[in-house]
There are 2 protein chains.
Amino acid sequence: MRRIDIEAGGYEIILNEEDAKELGVYPQDRMKVRKDGMILTAIVNLSQSVIKEGEVGMFIEISEKLNVKNGDKVKVIPTSRPLSVDYIKKKINGEKLTRDEIYEIIKDIVEDNLSTIELTSYVTAIQIRGMDMDETEWTTRAMVDTGETIDFEYTTFDVHSIGGVPGNKYAPVAVPIAAAAGLKIPKTSSRAISSAAGTADLMEVLTNVSLTIEDIRKIVDEVGAILAWGGSVNLAPADDKIVRIEYPLGIDPHSQVLASVMAKKKAVGTDFMVLDIPMGPETKVPDEKLARKYAMDFITLGERLGITVEAAVTYGGQPLGRAIGPALEAKEALMCLEGKPVSNSLIEKATDIAGMLLELGNVAERNKGKEHAKEILKSGKARDKFLEIINAQGSKGIEKSEDVPVGKYTHDILSPESGYISIVSNKALVKIARAAGAPKDKGAGILLFKKKSEKVEKGEPIYKIYADSKAKLEEAVKIAKMLKPLKIEGMLLERIPAYKK
Amino acid sequence: MRRIDIEAGGYEIILNEEDAKELGVYPQDRMKVRKDGMILTAIVNLSQSVIKEGEVGMFIEISEKLNVKNGDKVKVIPTSRPLSVDYIKKKINGEKLTRDEIYEIIKDIVEDNLSTIELTSYVTAIQIRGMDMDETEWTTRAMVDTGETIDFEYTTFDVHSIGGVPGNKYAPVAVPIAAAAGLKIPKTSSRAISSAAGTADLMEVLTNVSLTIEDIRKIVDEVGAILAWGGSVNLAPADDKIVRIEYPLGIDPHSQVLASVMAKKKAVGTDFMVLDIPMGPETKVPDEKLARKYAMDFITLGERLGITVEAAVTYGGQPLGRAIGPALEAKEALMCLEGKPVSNSLIEKATDIAGMLLELGNVAERNKGKEHAKEILKSGKARDKFLEIINAQGSKGIEKSEDVPVGKYTHDILSPESGYISIVSNKALVKIARAAGAPKDKGAGILLFKKKSEKVEKGEPIYKIYADSKAKLEEAVKIAKMLKPLKIEGMLLERIPAYKK
């Protein structure tokens, strides 16, 4: 046995090529590895020279689990592929999987029994072949059953956005409004993967977001809501492992989006949920038809799982509010809660969604929810509730919007001409904010002074880039000048000459 | 820079997770790595603890190429994915790829620019989406262009089997027959992947099979044919890298089978080729319809490439001849060439295929090829030619069938009852032969005493297992008793009682 001090991401071993030939094993085959009484299944890699004949190289995960050190004797025996590999082939062939087959695949994903090749093939196959609602439900349930769960003794509510629009900080406003009205909302959210800030990144500017199951139960009991990071609890852990394959390929199988979202809701026992579907160019949902499909699929899957889902198709053609990036968004959300002047789009969306929650929870009558939500926001009760939440989670001592520290290096981008803003590119803004350091550098991001259809004079600042370091600011400015995320046009777009006489 | 003495299978580096967050790179992203003047593109892996912040871990391939040692300073810069990844997504979406896109993918495969995830997704996508004949032709040509090629100044012939039937040693008989008649046959073949012996494994019992391009040219010039291992020359190297993904998944995209076979033929400049399609239960081709599809696809692709293909659908319902395993098959082929009594199936198939070659080469008239081939075999000229070939390649000094060393540990399997052999399972026999040590242990394998429809008495030996080691023999016997590869039935299969009066 020879230890290799590298994480393999699962149980993996290395054999010398000659030994492998002798044993009839090929790369990616599986072997049982035995040390004293303990047996683990590992995936085989080959080496021509580093691992000598008779040696077994072991990556960190398996050598720690077996508690072996260099020179220890271990026994390796070829073993067959897990049954899941046959089920993956079934999906490749276009067949429908059974409940048990899906459970087996998800269990093997969670337990790291599948190699990268097998898992990638599965993700690609479900992207191409799709899954029907039965398979999607079974996937969701398997994801719930292979992770931790929380049971609340009372009815709980949740909000979720499928994402795709930058600056989407509706949750830190909508959740405290609903909680102030007495609803229970254990809201877990994700960190940014390819965006400039996830809700968890934003909340982390103000409070601790890594809660245990016990923390979550206790805070929801006492305060009514949390706004925490889902990754700190082991809800539907298959999701993370699947995302690791989807991300480098830039694919997102529809059935898996449904299953991943709903598994995390089911795992915390959600009863009612509002789903935000941002629609518009450069979002995940470019048109009404696709928005309706998303809505209906979530509603149907919710019904099968015992979760009442109501969908809100929202305008996603440009960022929500004016701030992009963790600290800038936290500041804007706080300003909104404090009743300070912020973009109407943020107030409208947050109270729309909070209003839907109030109606679902019978706190407001049908079509009276938004009005009620606005009153709660205006009264300051939502702000008080928000401070209660961040204090319960572990406040970082920032309680006012003006105290939120934002990037100290800034650069104003000026309008190259007079006219009207005709296009605001979501994707370009995200690229610039990420170049400036977001989401890792909390102070980095963008503050928009102008949005779509607004009038602008030549030389007037149209947005400001923030960064925590000078080098990253310069990089972001360079990219901003290249991508030009805001397009300006005069009211006269084209001049068509008269016939010449 | 910290060196990690492990083969990664390509250019791969490891960063600390914190650094990666800082740089905004995720696992499987790419980075440019710069040392002195040299720049390589590498795929990123992450480590929590082994690689410290500020360090870059480098696997063997890249650290050797850059010639760096521990502590050296290197510069890493995030870089975008190769264009191929977009083309792979196009195929996932079901679109047809262009010639240039396919070339780009194949080039990136050969140059190790694709990660395991990307390559697996490509292979899975072409398995599911398929490729039309244009795409298949472009894949073939790209595979040829990204490897070595040989040009002969004269017309050359080839034979190829799509495989699937054990004991398929027709080539060492058919090739010398055709070469004895004056045809030029640069026959490269593969080693076993999942079978008990490839033609290259079998030939290696008698001669050196690792030839250079120059060796091949010289021997074909002088002797008329080779029977060597294709892997020793770099013909269509994309194939090996694709097989490495297909094998663990047990998938075999049809278009890729076509492209891989024909690229290797095109690379050696084949003009005429006979394609063996074994058909029957437990082969790759269970029915006539699929056999015809294979045949037509190879013929069509051949025509596009300027290769005249004639297909032979052959009986594959049980092993060819009686021997399975490298040495046992080499011995049986030699016996056949020497005119000693061997199974009719071997003589018939080898002369059928040799006859087709003779007709294609205008050495025999239409429908007279087989007769002519049988005469050459009977005359001893094929045997002389075979000895010339193995001598030219580097004989191991075994020139007679009785001198071929076979496994010294043997076990006879006896018939448990009297009756007739009703089923001979190809797959079970391969499993037993592999358990006995084939293809790596050359002497290991199986000799069948009885084949389909033959009569057998209770207690009579029906086959013998050979092994080079006692332990493997025991393992193989155990598996044989479990799998029962030969089924015996009395002539009375079922007894239906009369009505009771």
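Residues numbered from 1 in each chain as written. Chains lettered and ligands numbered in written order. Predicted model: local features only at pLDDT ≥ 70, side-chain atom pairs only at ≥ 80, totals over all residues. Heavy atoms only, no water.

Caption draft 1: Seen up close, the overall build of chain A. The secondary structure content of chain A amounts to 18 helices and 18 strands. The C-alpha atoms of chain A give 26 Å as radius of gyration, which agrees with the globular expectation for 501 residues (23 Å, within 12%). Overall, chain A is about 85 × 65 × 55 Å in size when its C-alpha atoms are taken along their principal axes. Counting every position in chain A, which comprises 501 residues, the buried fraction comes to 55%. The long-range share in chain A, meaning contacts at least 24 apart out of those at least 6 apart in sequence, stands at 79%. (Helix = DSSP H or I, 4+ residues; strand = E, 2+ residues; numbered from the N terminus. Rg over C-alpha atoms; globule rule 2.2 N^0.38 Å. Buried < 20%, exposed > 50% of the residue type's maximum accessible area, 1.4 Å probe, protein only. Contact = heavy atoms within 4.5 Å.)

Caption draft 2: Broad picture of the nonpolar core. Grouped together as the largest cluster of nonpolar side chains are 186 residues, with contacts concentrated most on Ile109 and Leu206 of chain A together with Ile109 and Leu206 of chain B. Not counting residues up to four positions away in its chain, the partners in contact with Leu206 of chain A are Ala330, Leu334, Phe386, Ile390, Ser395, Lys396, Ile398 and Val404 of chain A. (Core = buried A, V, L, I, M, F, W, Y, C linked by side-chain atoms within 4.5 Å.)

Caption draft 3: How the structure looks around the confidence of the model for chain A. On average, residues of chain A carry a pLDDT of 93, and 99% of them reach 70 or more. Predicted complex metrics record ipTM = 0.85 and pTM = 0.87. (pLDDT = per-residue confidence, 0-100.)

Caption draft 4: Local environment of the relation of the copies chain B and chain A. Mapping chain B onto chain A calls for a screw motion: a turn of 179 degrees about the axis and a shift of 0.0 Å along it, with 0.2 Å RMSD after fitting. What we have between these two chains is a two-fold relation. The fraction of interface residues of chain B whose copies in chain A are also interface residues reaches 100%, indicating that both copies meet through the same surface. (Least-squares fit on C-alpha atoms with pLDDT ≥ 70 in both.)

Caption draft 5: The pattern of salt bridges, seen in detail. All names here are of chain A. Tallied over the full model, the rule gives 80 salt bridges over all chains. Here Lys169 makes a salt bridge to Glu332, at a shortest N to O gap of 2.6 Å. One end of the pair, Lys169, is in the loop between strand 7 (157–161) and helix 7 (171–180); the other, Glu332, is in helix 13 (residues 326–338), with 163 residues separating them in the sequence. For the pair formed by Lys169 and Glu332, the shared burial category is buried. With its nearest N and O atoms 3.1 Å apart, the salt bridge here joins Lys340 to Glu338. (Salt bridge = Lys/Arg side-chain N within 4 Å of Asp/Glu carboxyl O.)

Caption draft 6: Representation of the domain arrangement of chain A within the structure. According to the domain assignment, chain A consists of domain 1 (2–79), domain 2 (84–130), domain 3 (157–401) and domain 4 (409–489). Here the C-alpha centre of domain 4 of chain A lies 43 Å away from the C-alpha centre of domain 2 of chain A. (Domains from an automatic or database assignment.)

Caption draft 7: Highlighting the interface of chain B and chain A. Contacts between chain B and chain A engage 46 residues on the former and 47 residues on the latter. Both faces considered, chain B and chain A share a buried interface measuring about 3900 Å² in area, 61% of it formed by carbon and sulfur atoms. Counting the surface chain B buries against chain A, the share from its top three residues, Ile117, Ile128 and Lys440 of chain B, is 16%. Residue Glu18 of chain A pairs with Lys440 of chain B through a salt bridge whose shortest N-O separation is 3.2 Å. Along the contact surface separating chain B from chain A lie six residue pairs in polar contact (both at pLDDT 80 or more). Mapped onto the side of chain B that touches chain A, the elements with two or more residues apiece are helix 1 (17–23), strand 4 (38–47), helix 3 (83–92), helix 5 (116–129) and helix 10 (238–249) of chain B. Residue contributions to the side of chain B that touches chain A peak at 10 residues, all from helix 5 of chain B. (Buried area = accessible area lost by both parts, 1.4 Å probe. Polar contact = N/O pair within 3.5 Å; in protein donor to acceptor, adjacent residues only side chain to side chain.)

Caption draft 8: Main features of the packing of aromatic side chains. Residue and element names in this part refer to chain B. A complete count under the given rule lists five aromatic pairs over all chains for this structure. Measuring from centroid to centroid gives 5.3 Å for Phe157 and Phe272, while their planes differ by 15 degrees, and the two rings are stacked. Here Phe157, found in strand 7 (residues 157–161), pairs with Phe272, found in strand 10 (residues 272–279); they are 115 residues apart in sequence, far enough to count as distant. Seen from the ring of Tyr154, Lys184 lies directly overhead, with NZ or CZ sitting 5.0 Å from the centre. It is Arg191 that lies over the ring of Trp229; its NZ or CZ is 4.2 Å from the centre. (Phe/Tyr/Trp six-rings, centres within 6.5 Å; stacked < 30°, edge-to-face > 60°. Lys NZ or Arg CZ within 6 Å of the ring centre and 35° of its normal.)

Caption draft 9: Expanded view of a negative patch on the surface. Together, Asp151, Glu153, Asp221 and Glu222 of chain A make up a negatively charged patch on the protein surface. Mapped onto the fold, Glu153 of chain A is located in the loop between helix 6 (133–145) and strand 7. (Patch = residues over 30% accessible without salt bridge, like charges linked within 9 Å, V, L, I, M, F, W, Y side chains within 5 Å. Areas by Shrake-Rupley, 256 points an atom, 1.4 Å probe, with all protein chains shown as cover. Lys, Arg positive; Asp, Glu negative; His and termini not counted. Charge placed at Lys NZ, Arg CZ, Asp CG, Glu CD.)

Caption draft 10: Representation of the sheet that holds strand 12 (residues 323–324) of chain A in the model. All names here are of chain A. Taken in spatial order, the four strands make up an open sheet running 12-15-17-13, and their pairing is antiparallel. Either end of the sheet is taken by a strand with one partner, and the two such strands are strand 12 and strand 13 (409–414). Of the pairings in the sheet, the one linking strand 12 to strand 15 (residues 445–448) comprises two bridges and is antiparallel in character. For Ile324, the partnering residue across the bridge sits in strand 15 and is Ile446. Lying over the sheet, helix 17 (residues 426–435) contacts strand 12, strand 15 and strand 17 (461–467), oriented at roughly 130 degrees with respect to strand 15. With respect to the sheet, helix 18 (residues 470–483) is in contact with strand 13 and strand 17, its orientation differing from that of strand 17 by roughly 145 degrees. (Pairing = 2+ DSSP bridges. Axes fitted to C-alpha atoms, helices over the stretch in contact; angles between N-to-C directions.)

Caption draft 11: Quick look at unusual backbone geometry. A cis amide bond links Ala438 of chain A with the next residue in sequence, Pro439 of chain A, at an omega value of 5 degrees. Structurally, Pro439 of chain A can be placed in the loop between helix 17 and strand 15. Phi is positive for Asn67 of chain B, which is not a glycine, with a value near 55 degrees. Relative to the helices and strands, Asn67 of chain B is located in the loop between helix 2 (60–66) and strand 6 (75–79). For Asn67 of chain B, a relative accessible area of 63% gives the class exposed. Even without being a glycine, Lys484 of chain B presents a positive backbone phi close to 45 degrees. Considering the arrangement of structural elements, one finds Lys484 of chain B in the loop between helix 18 (470–483) and strand 18 (486–489).

Caption draft 12: The arrangement of the sheet that holds strand 12 (residues 323–324) of chain B in detail. All names here are of chain B. Within the open sheet, the four strands sit side by side as 12-15-17-13. Their pairing is antiparallel. Both outer strands of the open sheet, strand 12 and strand 13 (409–414), are each paired with one neighbouring strand and no more. The strands that helix 17 (residues 426–435) touches are strand 12, strand 15 (445–448) and strand 17 (461–467); relative to strand 15, the one it contacts most, it runs at about 130 degrees.

Caption draft 13: Inspection of helix 6 (residues 133–145) of chain B at higher detail. All names here are of chain B. Relative to the 18 Å expected for 13 residues at 1.5 Å per residue, helix 6 spans 18 Å between its end C-alpha atoms, a close match to the ideal helical length. For helix 6, every residue scored as buried is listed here: Met133, Glu135, Thr136, Glu137, Trp138, Thr139, Thr140, Ala142, Met143 and Val144. Against the buried residues of helix 6 lie helix 3, helix 4 (99–110), helix 10, helix 11 (254–267) and helix 12 (288–305). Here helix 6 starts with a cap whose side-chain oxygen sits 3.0 Å from the backbone nitrogen of Asp134, and that cap is Asp132. (Expected span 1.5 Å × (residues − 1).)

Caption draft 14: Structural context of the environment of Gly24 of chain A. Within the secondary structure layout, Gly24 of chain A lies in the loop between helix 1 (17–23) and strand 3 (30–35). You can call Gly24 of chain A partly exposed: its relative accessible area is 32%. The spacing of Gly24 of chain A and Leu357 of chain A is 333 residues in sequence and 60 Å in space, taken between C-alpha atoms. The contacts of Gly24 of chain A, once residues within four sequence positions are left out, are Asp29 of chain A together with Arg434 of chain B.

Caption draft 15: Structural detail: the pairing of strand 2 (residues 12–16) of chain A. Residue and element names in this part refer to chain A. By the criterion of burial, strand 2 is predominantly enclosed, with five of the five residues buried. The side-chain alternation of strand 2 yields two buried faces, one formed by Glu12, Ile14 and Asn16 and the other by Ile13 and Leu15. Looking at chain direction, strand 2 and strand 4 (residues 38–47) are connected through five bridges and run parallel. Across the sheet, the residue bridging to Glu12 is Ile43, located in strand 4.

Caption draft 16: Inspection of the packing of helix 7 of chain A against helix 15 (residues 369–379) of chain A at higher detail. Residue and element names in this part refer to chain A. Running from N to C, helix 7 and helix 15 cross one another at 95 degrees; their axes reach a closest spacing of 9 Å. As judged from the angle between their axes, helix 7 and helix 15 are roughly perpendicular. Where helix 7 abuts helix 15, its residues Val173, Ile177 and Ala180 lie against Ala373, Ile376 and Leu377. A breakdown of the residues in the contact of helix 7 with helix 15 according to their chemical character gives six nonpolar, no polar and no charged. (Parallel < 35°, antiparallel > 145°, perpendicular 65-115°, else oblique. Nonpolar A, V, L, I, M, F, W, Y, C, P; charged D, E, K, R; others polar.)

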